Amino acid sequence: MGVGTRDTAPGAGREAERDAADRRAEPGFIELDGVEKVFHVRRRAGRLRRVREEVRAVDGISFSVPRGAMVGYIGPNGAGKSTTVKMLTGILVPSGGRLRVAGIDPARERTRLARRVGVVFGQRTTLWWDLPLKDSYELVRRMYRVPEAVYRRNLERCVELLGLGPLLPVPVRQLSLGQRMRGDIAAALLHDPEVLYLDEPTIGLDVISKAKVRGFLREVNAERGTTVLLTTHDLTDIEQLCRRVMVIDHGRLVYDGGLDGLHAAGRGERTLVVDLERELPPIEGVPGARTVKVEGPRQWLAFPAAQSAAPVVSAVAERYPLVDLSVREPDIEDVISRMYADSRAP
């Protein structure tokens, strides 16, 4: 059973009709066309003089996300990820371009859109600091006017899947960062949002908690069809949750596609780890591969991610006494680092 079904609160008939019209009209659930966000800051230029500078946090980004997709949106610190999310929620107004979520302009109809989106900012809580977690959830219910039956069903499901039962009577200020993150994710889903923006949702979580959160998000996306836009520095989140990934750097979209294509664009390499019967000089003469590391009888050979491992394994097996071998997939963090370097090259 999913997180719950979306019921319409009494007295919201006109809103429901408008939302239904939006859903029929939307070609993409989330749409950005040439979106820009420019900030003007004053910097010191000498002891008494200050100059006004223009900072382009987002620089002409365009993309479309269909309903029900789970997409990774990644980039280095200061790339423009959080600025994009804030424009998608209506917190910030774009300086240029066109932006729509479910056919709604977030900046013009922020309150109306709020009923249809959930947001989790990893470094900022939406919970009430001095209240027990369960009281924060009750306030969320009242703010969004969630029907009692829907609220209870969604809360029970979130508590079960995120392991929040023992934390409900605990004041938010006494929760650890990982516990608070799980609490924030549950709060963002209590009103059955159609889209969920997650900014560093697994920050501060231990391995077990991360697994719980990832499993929960997979279930919400698969069973409820919730559209998810995920920004994170934990690239395992992207690998385990997203089929599509967008990379932003200096406010510009430098990649939009699948993980396989990301490896190719970032010149990713797979690694063949070879255990030989005895210590030997570095393996040479294997087409398309090179030895990058040697430790006793163990050697590491790198080859392009797009290349099949079979010819590399065959060439090594024919010429060297093998005991064991394994193939390691590219480190996505290294792939993205190379992509950043390429995008900044003159």
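Preceding this paragraph is the structure being described.
Treat the numbers as computed from the prediction; the structure is a model and nothing was measured. (Residues numbered from 1 in each chain as written. Predicted model: local features only at pLDDT ≥ 70, side-chain atom pairs only at ≥ 80, totals over all residues. Heavy atoms only, no water.)

Draft legend 1. How the structure looks around the packing of helix α5 (residues 148-162) against helix α6 (residues 177-189). Between α5 and α6, whose axes approach to 10 Å, the crossing angle comes to 155°. Considering the angle they form, α5 stands roughly antiparallel to α6. Between α5 and α6 the crossing geometry is right-handed. From α5, Asn154, Cys158 and Leu162 reach across to α6, where they touch Arg182, Ile185, Ala186 and Leu189. Class assignment of the residues belonging to the contact of α5 with α6 gives a composition of five nonpolar, one polar and one charged. (Axes fitted to C-alpha atoms, helices over the stretch in contact; angles between N-to-C directions. Helix = DSSP H or I, 4+ residues; strand = E, 2+ residues; numbered from the N terminus. Parallel < 35°, antiparallel > 145°, perpendicular 65-115°, else oblique. Left-handed = near helix turned anticlockwise from the far one by under 90°. Contact = heavy atoms within 4.5 Å. Nonpolar A, V, L, I, M, F, W, Y, C, P; charged D, E, K, R; others polar.)

Draft legend 2. View of unusual backbone geometry. Despite not being glycine, Asp192 has its phi angle at roughly 55°, a positive value. Take Asp192: it is sitting in the loop between α6 and β6 (195-199). You can call Asp192 buried: its relative accessible area is 7%. One non-glycine residue, His250, lies in positive phi territory at about 50°. Looking at the element boundaries, His250 is found in the loop between β8 (244-249) and β9 (252-258). Given the relative accessible area of 53%, His250 is considered exposed. (Buried < 20%, exposed > 50% of the residue type's maximum accessible area, 1.4 Å probe, protein only.)

Draft legend 3. The arrangement of the pattern of salt bridges in detail. Under the definition given, this model contains 24 salt bridges. Residues Arg67 and Glu194 are paired through a salt bridge, measuring 2.9 Å at the closest nitrogen-oxygen approach. In this pair, Arg67 sits in the loop between β2 (50-65) and β3 (70-74) while Glu194 sits in the loop between α6 and β6, placing the two residues 127 residues apart along the sequence. Classification of Glu194 by relative accessible area gives buried; the value is 7%. For Arg100, the salt bridge identified is with Asp105, shortest N-O distance 3.5 Å. Using a relative accessible area of 23% as the deciding quantity, one classes Arg100 as partly exposed. Since its relative accessible area comes to 17%, Asp105 is described here as buried. Taken together, the shared-partner salt bridges in this structure form one network comprising Glu36, Glu54, Arg56, Asp59 and Arg252. (Salt bridge = Lys/Arg side-chain N within 4 Å of Asp/Glu carboxyl O.)

Draft legend 4. Structural context of the sheet that holds strand β11 (residues 290-295). Taking strand neighbours across the sheet as the criterion, the four strands line up as β11-β12-β10-β13 in an open arrangement whose pairing is antiparallel. Sheet topology places β11 and β13 (322-328) at the edges, where each strand pairs with a single neighbour. Neighbour-to-neighbour, the strand axes of this sheet turn through a mean angle of 20°, independent of strand direction. Sheet topology note: the β11/strand β12 (residues 298-304) ladder contains five bridges and is antiparallel. (Pairing = 2+ DSSP bridges.)

Draft legend 5. Fine view of the sheet that holds strand β4 (residues 96-101). Across the sheet, three strands lie side by side as β2-β1-β4; this open sheet has antiparallel pairing. Where the open sheet ends on each side, the last strands, each with one partner, are β2 and β4. The sheet shows a mean angle of 30° between the axes of neighbouring strands, taken without regard to direction. Note that strand β1 (residues 30-44) and β4 share five bridges and pair antiparallel. When the bridges of β4 are listed, Asp33 appears paired with Arg98. Lying on the sheet, helix α2 (residues 81-89) is in contact with β1, β2 and β4; it crosses β1 at an angle near 120°.

Draft legend 6. Spotlight on the packing of helix α4 (residues 133-144) against α5. Their axes nearest at 11 Å, the elements α4 and α5 cross at an angle of 140°. If you check the angle between α4 and α5, you find them oblique. The chirality of how α4 crosses α5 is right-handed. Side by side, α4 and α5 meet where Lys134, Tyr137, Glu138 and Arg141 of the first sit next to Glu148, Tyr151, Arg152 and Leu155 of the second. Residues of the contact of α4 with α5, tallied by class, amount to three nonpolar, no polar and five charged.

Draft legend 7. Expanded view of the layout of surface pockets. Put simply, the second largest pocket is a space of about 310 Å³. If you go around the second largest pocket, you meet 16 residues; those closest to its centre are Asn77, Ser82, Gln123, Asp199 and Glu200. Per element, the largest residue contribution to the lining of the second largest pocket is four residues, and it comes from α2. A breakdown of the residues in the lining of the second largest pocket according to their chemical character gives three nonpolar, eight polar and five charged. (1 Å grid on protein atoms, 1.4 Å probe; cavity = no way out; pocket = protein on both sides within 12 Å on 5 of 7 lines; lining within 4 Å. Points joined across faces, edges and corners; volume = space filled by probe spheres on them.)

Draft legend 8. A look at the environment of His191. By the secondary structure assignment, His191 is in the loop between α6 and β6. Under the relative-accessibility criterion, His191 is labelled buried at 10%. With 41 residues separating them along the chain, His191 and Val150 place their C-alpha atoms 8.0 Å apart. Beyond its immediate chain neighbours, meaning those up to four positions away, His191 contacts Ala114, Arg115, Val117, Gly118, Tyr144 and Val146. A distance of 2.8 Å separates the side chain of His191 from the backbone oxygen of Val117, its partner in a polar contact. (Polar contact = N/O pair within 3.5 Å; in protein donor to acceptor, adjacent residues only side chain to side chain.)

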